[in-house]
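Listed here are the chains, written in short residue letters.
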Amino acid sequence: MSAPEDIVVIEGMTKNFGSGDATQKVLKGIDLSLAKGSLAALQGRSGSGKSTLLSILGTLMKPTAGQHEMLGQDLGRISERDLTEFRNRHIGFVFQFHHLFPDLTALENVMFPSAMHMGRETRAARRRAADLLVRVGLEDRIGFRATALSGGQKQRVAIARALMNTPELVLADEPTGNLDRESADQVMDLVREINAEDHTTFLISTHDEKIADGCRRQIHLDDGQIVASAPPAK
Ligand code: ADP
Ligand code: MG
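The structure contained in this document is the topic of the report that follows. Computed from a predicted model, the values in this text were never measured in an experiment. Each chain carries its own residue numbering, running from 1 in the written order of its sequence. Written order decides the labels, with chains lettered from A and ligands numbered from 1. Restriction of local features to residues with pLDDT of at least 70 applies here, the model being predicted, together with a cutoff of 80 or more for giving and counting side-chain atom pairs; totals for whole chains, interfaces and linings are based on all residues.

**Observations regarding the pairing of strand S2 (residues 24–35)**
Moving on, step 1. What makes two strands pair is DSSP finding at least two bridges between them. Runs of E in the DSSP output that reach at least two residues are strands. Runs of H or I that reach at least four are helices, and both are numbered from the N terminus. Across nine bridges, strand S1 (residues 6–17) lies against S2 in antiparallel orientation. Bridge assignment links Ile 10 to a residue of S2, and that residue is Leu 32.
Moving on, step 2. The turn joining S1 and S2, which pair antiparallel and follow one another in sequence, is formed by six residues; a positive phi near 75° is taken by Gly 18.

**Description of the pairing of strand S4 (residues 65–70)**
Walk down a regular strand and you will see the side chains alternate between the two sheet faces.
Moving on, step 1. Note that S1 and S4 share five bridges and pair antiparallel. Note that in S4 the partner of Val 8 across the bridge is Met 70.
Moving on, step 2. Alignment of S4 against strand S5 (residues 73–74), held across two bridges, turns out to be antiparallel. Bridge pairing links Met 70 to Gln 73 in S5.
Moving on, step 3. Connecting S4 to the next strand, S5, in antiparallel fashion are two residues, including Leu 71 with a positive phi near 50°.

**Overview of the nonpolar core**
Moving on, step 1. Only buried residues count toward a nonpolar core: Ala, Val, Leu, Ile, Met, Phe, Trp, Tyr and Cys, linked into one set through C-beta atoms within 7 Å. Any residue surrounded by 20 or more other C-beta atoms within 10 Å of its C-beta is treated as buried, while 12 or fewer makes it exposed and the intermediate range makes it partly exposed; C-beta atoms here are placed from the backbone. Residues Ala 40, Val 110, Leu 133, Val 157, Leu 171 and Leu 203 are the most contacted members of the largest nonpolar core, which totals 58 residues.
Moving on, step 2. Take this core: its biggest share by element is six residues, from helix H5 (residues 151–163).
Moving on, step 3. When residues no more than four places from it in sequence are discounted, the contact partners of Leu 203 are Leu 34, Ala 40, Leu 42, Leu 54, Leu 57 and Leu 171. Any two residues are considered in contact once their C-beta atoms, placed from the backbone, lie within 7 Å.

**Comments concerning the site of ligand 1**
Moving on, step 1. Being near a molecule or strand means, for a residue, that its backbone-placed C-beta atom lies within 6 Å of it. Neighbouring ligand 1 are the residues Phe 17, Gln 24, Val 26, Gly 44, Ser 46, Gly 47, Ser 48, Gly 49, Lys 50, Ser 51 and Thr 52.
Moving on, step 2. Mapped by element, the contributors of at least two residues to the shell around ligand 1 are S2 and helix H1 (50–57).
Moving on, step 3. Here the element with the most residues in the shell around ligand 1 is H1; it accounts for three residues.
Moving on, step 4. Amino acids are sorted into nonpolar (Ala, Val, Leu, Ile, Met, Phe, Trp, Tyr, Cys and Pro), charged (Asp, Glu, Lys and Arg) and polar (every other residue, Gly among them). The class makeup of the residues in the shell around ligand 1 is two nonpolar, eight polar and one charged.

None of this, on its own, says anything about what the molecule does.
Structure, rendered in structure tokens:
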């Protein structure tokens, strides 16, 4: 189904919530492919299905119907255990609310989730986490507790955490939704830089036109369907 240059391909994806008379059709037949190394915005009104689509792409939620391939694997056909392993290895997540542990340091917040999932050796994890915090511009905040960081700094810690396992795909659900203009722009600059340098694929849901314009492709979701998907600007 997928071309080798695509990291993700979905076809005929639907998602219903509820059943019987109360069935709500949230995704109504989505076809979408993301090229490896792309930086795409997912736009649409509140309630249009953005978070649902990201959850399915992240294998956190099962679709009602449709095909889902990533890195050439048919994710509808692998076991729950292999799916968890696949997610931990290949997909990073950033959310609107950073979900950091308030009493842990920036370093601990970046290293612990990965160490737990991957059984990574602590010293190597610590080194990688510190390198990532330098990368996101927080070299002087490595040992600070999360509560002592600004909103923009917390979101940069969350980005470092998402990158810990060198994922091929990062799914970010309104990552700047809770930030002021300046912090939002800084987070977006960082995403652009990582995308350009590492060729990590990003899909970012956002309400913010400026953030969407900063992406190389814009995908518009309306009432559970993709209504426009601008090709990357030349
Ligand atoms: P968006 O992120 O674009 O605001 P969502 O994907 O969060 O949209 O939600 C789309 C629709 O799906 C909404 O009407 C929402 O109420 C519904 N929905 C989302 N998640 C669930 C769920 N777990 N159970 C039931 N309905 C849900
Ligand atoms: Mg949402």
